[in-house]
Amino acid sequence: MTDETTPPSPPGTGPAADTIASIGSAMARMRLMIGRRFIGNLVLSRVGGGMELSHLDVVGTVRRLQAMQEATVGAIAEELRVDPSRSSRIVADLVRQGLLKREVSQEDARRTIVVITPVGHDLLKKADEVKRDTIREIVADWPAEDVERFAELYDRFISGFDRRRQQFEMETQDATGDAEG
């Protein structure tokens, strides 16, 4: 199972180490594809109309945030790890394009929130269709059982990865707090 992108495992570590190395190698390739924004660029090529990847990111982020909380410019910036002024400029662009609108928070009338318009929902629906079509193409020649099993395992893997990320962030905050205190 060793190839040019997967370094051989140290002697005595067995096939499990090669398998783990293979997963790590596949993750690196996936990271590069994500970094190249393959799906986002594919979406924009089909439905973009002058949009930028950052626009697609913000509309998608608003959708995710709205499922848990009110979406504010600050929350969008935090989620995307960008400067609040950049988030504000992108939101303003998307409001002008009719994809988002600003409303008054029902929780705090002093706060402005961002919500998706019907046009924004249509864009996200098209983006989701492009993503699903791409995945369908990739697994088209896989047996149905493999697709089902992969979906289950991939979700479990990503959930575990997310738990580990959260743990790391807590450890980092604890270490930073200890260093400051």
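One can find the structure itself at the top, above this paragraph.
Keep in mind it's a predicted model, so treat the numbers as computed, not measured.

A.B. asks: Explanation requested: the pattern of salt bridges in the structure shown.
C.D. replies: It is possible for side chains bearing opposite charge to pair when their charged atoms get close. By the definition in use, this model includes 14 salt bridges. D93 is paired through a salt bridge with R96; the nearest N and O atoms lie 2.4 Å apart. Within this pair, D93 and its partner R96 are both found in helix α5 (residues 84–96), separated by 3 residues, close to a single helical turn. We classify D93 as partly exposed; its relative accessible area is 27%. The salt bridge partner of R110 is D108, with a shortest N-O separation of 3.0 Å. Given a relative accessible area of 23%, D108 falls into the partly exposed group.

A.B. asks: Looking at this model, I keep getting lost on the side chain of T61. Mind explaining?
C.D. replies: Looking at the element boundaries, T61 is found in helix α3 (residues 53–66). Residue classification places T61 among the buried positions, given a relative accessible area of 0%. Within polar-contact distance, the side chain of T61 engages the backbone oxygen of D57 at 2.7 Å. Of the polar contacts made by the side chain of T61, one reaches the side chain of R64; its length is 3.0 Å. If we skip the residues at most four places from it in the chain, T61 touches I76, E79 and L80.

Scoring rules and cut-offs
Residues numbered from 1 in each chain as written. Predicted model: local features only at pLDDT ≥ 70, side-chain atom pairs only at ≥ 80, totals over all residues. Heavy atoms only, no water. Salt bridge = Lys/Arg side-chain N within 4 Å of Asp/Glu carboxyl O. Helix = DSSP H or I, 4+ residues; strand = E, 2+ residues; numbered from the N terminus. Buried < 20%, exposed > 50% of the residue type's maximum accessible area, 1.4 Å probe, protein only. Polar contact = N/O pair within 3.5 Å; in protein donor to acceptor, adjacent residues only side chain to side chain. Contact = heavy atoms within 4.5 Å.

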